Amino acid sequence: MVMMIDTACARAQQIVERARAAGADAADAVFSADASIDVSVRLGKLEDVSRSENAELGLRVFVGRRNASVSTSDFSDASLAALVERAVAMAREAPEDEWAGLAPADRLMHGAPPQLDLDDGGDVAPEALKARALEAEDAARSVAGVTNSEGGSASAGRGVTALATSHGFVGGYAASSHGVSASVLAGTGSGMERDYAYHSARHLKHLDPAADIGRRAGERAVARLNPGRVDSGAMPVVFDPRVGNSLVGHLLGAIAGQAITRRTSFLLDALGTQIFSSGVTIEDDPHRPHGLRSRPFDGEGLPVGPRTLVSAGVLETWLLDSASARQLGLEPTGHAARGGAGAPGVSASNLHMAPGAIPRATLIGDIARGIYVTELIGMGVNGVTGDYSRGASGFLIEDGAITTPVAEFTIAGNLRDMYAALTPASDLEFRYGINVPTLLVEGMTVASG
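This section reports on the structure supplied with the text. (Residues numbered from 1 in each chain as written. Predicted model: local features only at pLDDT ≥ 70, side-chain atom pairs only at ≥ 80, totals over all residues. Heavy atoms only, no water.)

1. As for the overall build of the protein chain
Item 1. Of the regular secondary structure elements, the protein chain holds nine helices and 19 strands.
Item 2. Referenced to the eigenvectors of the C-alpha coordinate spread, the extents of the protein chain come out at roughly 70 × 55 × 35 Å.
Item 3. Relative to its full complement of 449 residues, the protein chain shows a buried share of 50%.
Item 4. Within the protein chain, residue pairs in contact and separated by at least 24 positions form 72% of the contacts whose partners lie at least 6 positions apart.
Item 5. As displayed, the protein chain offers around 18,700 Å² of accessible surface, 49% of which is attributable to carbon and sulfur atoms. (Helix = DSSP H or I, 4+ residues; strand = E, 2+ residues; numbered from the N terminus. Buried < 20%, exposed > 50% of the residue type's maximum accessible area, 1.4 Å probe, protein only. Contact = heavy atoms within 4.5 Å. Areas by Shrake-Rupley, 256 points an atom, 1.4 Å probe, with all protein chains shown as cover.)

Dropping the structure here:
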């Protein structure tokens, strides 16, 4: 283990105590440490082995309604003393912020944190990672039509996070991670097409076999060969789950407390209203065992738990840290997220859109002509207006069947209209931090590049 949880908690608590002794009225601190190793191969040969070890301590102090944040990776006594002195001096000179402050003391998590099984406790040797990366790349290159490789990789890491506040919270947890990926090319010359596959898991035993990941990458690359062009016009667009989850990501940005308090969200007045069809429900579950985004408490020490963000199409909640909750006259929702430096922001945990009632084959089978999107390019999304325009590639849907590959086109619309016209299929799988089934959005504008 990079560091014991108790040691990490003690380090965060000690810096908070030093800040209080130096004149801070309140303080909180987050400590994180992690180590990871990554092995990459290409064309059957070892290309790189990298190991990283990082540790950071972030301190936020309050003097009245003024606050400042600092961070360091130097844990010597002299450095920490200077850090505390600098933070308190900065806070005394900062402008007042009537909304900033620690989370309400009566809302803090008490007792032992929930056991989420995030750390498998194992160490992975570089040799094992090399073998896994080679297996993934070999499987990808064995697919007929694959002509070159960008490589295969395998990684493993472990880390610990601890949070302490001056009004009574101290907690920490450890987590491990494992990953395998492969990226290959099919075809020759200017007709080459690239695709990839990857999988990540908290526990090694839950990681997909490396050969399966590689084979998936190879088959995807070959399927994209000889792409055609799509006729421009309005048509149904179907999002593969590996790209459809980005639509939920845009929702998170629009319901974040800071976007609401700054009035920079296209969903500004949407709380409690129907934004999706009644067949759409979106759940946030930070307690999922060995989930990729599971956590026992939020970035301010508040307890977390499963929460419905959208119920039968109705937007049920904002994502609020303490500062945005105060400004809106609401209660924090347990979504605060804290990095090493700066004030908390917000983030969701393990998100999923509940599966719909329609099988994927039926969803696609009812489309006379449309697009099946497997890759999105660029970031043409306006969080203030909801306007959406992104480059894409994928496949034509003709008479209810996925047919020829197409590339170099743009899909466009407005997220409010897209959400209202969205239908989920029934094929939900849990593979990412945000999981969705296959998604159909009617009436998008498709333009050939």
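2. What about the sheet that holds strand β13 (residues 351-353)?
Item 1. Strand order in the open sheet formed by five strands is β10-β9-β8-β13-β18, with mixed pairing between adjacent strands. Where the open sheet ends on each side, the last strands, each with one partner, are β10 (314-315) and β18 (434-435).
Item 2. Here β13 runs beside β18; their pairing, made up of two bridges, is parallel. Residue pairing in the sheet places His-352 in a bridge with Asn-435 of β18. (Pairing = 2+ DSSP bridges.)

3. Describing the packing of aromatic side chains
Item 1. What the rule picks out here adds up to seven aromatic pairs.
Item 2. Between Phe-266 and Tyr-419 the ring centres are 6.3 Å apart and the planes differ by 45°, which places this aromatic pair in the tilted class. With Phe-266 in the loop between α6 (257-261) and β8 (282-284) and Tyr-419 in helix α9 (residues 415-420), this residue pair connects regions lying 153 residues apart in the sequence. Here Phe-266 matches Tyr-419 in class, with each residue buried.
Item 3. Taken together, the ring pairs connect Phe-169, Tyr-173 and Phe-297 into an aromatic cluster.
Item 4. Its guanidinium or amino end placed over the ring of Phe-75, Arg-11 lies 4.8 Å from that ring's centre, counting from NZ or CZ.
Item 5. Its end group placed over the ring of Tyr-196, Arg-242 keeps NZ or CZ at 4.9 Å from the ring centre. (Phe/Tyr/Trp six-rings, centres within 6.5 Å; stacked < 30°, edge-to-face > 60°. Lys NZ or Arg CZ within 6 Å of the ring centre and 35° of its normal.)

4. Let's talk about the packing of helix α3 (residues 126-141) against helix α4 (residues 210-223)
Item 1. Their axes nearest at 7 Å, the elements α3 and α4 cross at an angle of 35°. Classified by chirality, the crossing of α4 by α3 is right-handed. Touching Arg-132, Glu-135, Ala-136, Ala-139 and Ala-140 of α3 are Ala-210, Ala-211, Gly-214, Arg-215, Ala-217 and Gly-218, all from α4. (Axes fitted to C-alpha atoms, helices over the stretch in contact; angles between N-to-C directions. Left-handed = near helix turned anticlockwise from the far one by under 90°.)

5. Details of the nonpolar core
Item 1. Residues Phe-239, Leu-247, Ile-282 and Ile-411 are the most contacted members of the largest nonpolar core, which totals 49 residues.
Item 2. Looking at which element gives the most residues to this core, the answer is helix α5 (residues 241-255), with seven residues.
Item 3. Among residues more than four places away in sequence, those in contact with Ile-282 are Val-248, Leu-251, Phe-276, Arg-307, Thr-308, Leu-309, Val-310, Leu-351, His-352 and Met-353.
Item 4. Ala-29, Val-63, Leu-83 and Ala-162 belong to the second largest nonpolar core, which has 27 residues in total. (Core = buried A, V, L, I, M, F, W, Y, C linked by side-chain atoms within 4.5 Å.)

6. Things to note about the pattern of salt bridges
Item 1. Tallying each qualifying case throughout the model produces 17 salt bridges.
Item 2. Across the pair Arg-107 and Glu-331 runs a salt bridge, and its minimum N-O distance is 2.8 Å. Taken together, the positions of Arg-107 in the loop between α2 (77-93) and α3 and Glu-331 in the loop between α7 (322-328) and β11 (336-337) put the pair 224 residues apart, joining distant regions of the chain.
Item 3. Bridged by salt links that share partners, the residues Asp-195, Arg-224, Arg-242 and Glu-375 form one connected network. (Salt bridge = Lys/Arg side-chain N within 4 Å of Asp/Glu carboxyl O.)

7. Some words on the sheet that holds strand β1 (residues 26-42)
Item 1. The strand order β3-β2-β1-β4-β5-β6 describes an open sheet built from six strands, whose pairing is antiparallel. Each edge of the sheet is formed by a strand with only one pairing partner; in this case those strands are β3 (66-72) and β6 (193-201). Across the sheet, the axes of successive neighbouring strands diverge by a mean angle of 15°, strand direction being ignored.
Item 2. Direction of pairing for strand β4 (residues 146-165) relative to strand β5 (residues 170-186): antiparallel, over a ladder of 17 bridges. Residue pairing in the sheet places Val-146 in a bridge with Ala-186 of β5.

8. A few points about α4
The α-helix advances 3.6 residues per turn, and as a result positions three or four apart in sequence lie on the same side.
Item 1. The end-to-end C-alpha distance of α4 is 20 Å, a good match for the 20 Å that 14 residues give at a rise of 1.5 Å each.
Item 2. Against the buried residues of α4 lie α3, β4, β5 and β6. (Expected span 1.5 Å × (residues − 1).)

9. Considerations on the pairing of β3
Item 1. In this sheet, β3 lies alongside strand β2 (residues 45-63) in antiparallel orientation, the contact comprising seven bridges. Note that in β3 the partner of Gly-58 across the bridge is Ser-71.
Item 2. Count of turn residues in the β2/β3 antiparallel hairpin: two residues, of which Gly-64 carries a positive phi of about 60°.

10. Quick look at the environment of Tyr-173
Item 1. Of note, Tyr-173 is situated in strand β5.
Item 2. Between the C-alpha atoms of Tyr-173 and Arg-216, which are 43 residues apart in sequence, the distance is 34 Å.
Item 3. Setting aside its immediate chain neighbours within four residues, Tyr-173 contacts Ile-5, Leu-118, Gly-159, Val-160, Thr-161, Arg-295, Pro-296 and Phe-297.

11. Observations concerning the pairing of strand β16 (residues 401-414)
Item 1. Here 10 bridges tie strand β15 (residues 387-398) to β16, and the two strands are oriented antiparallel to one another. Paired with Ser-389 across the strands is Ala-412, a residue of β16.
Item 2. Between the end of β15 and the start of β16, which pair antiparallel, lie two residues, with Asp-399 showing a positive phi angle near 50°.
Item 3. Alignment of β16 against strand β19 (residues 439-448), held across four bridges, turns out to be antiparallel. Each bridged residue has a counterpart across the sheet, and for Thr-410 the counterpart in β19 is Ala-447.

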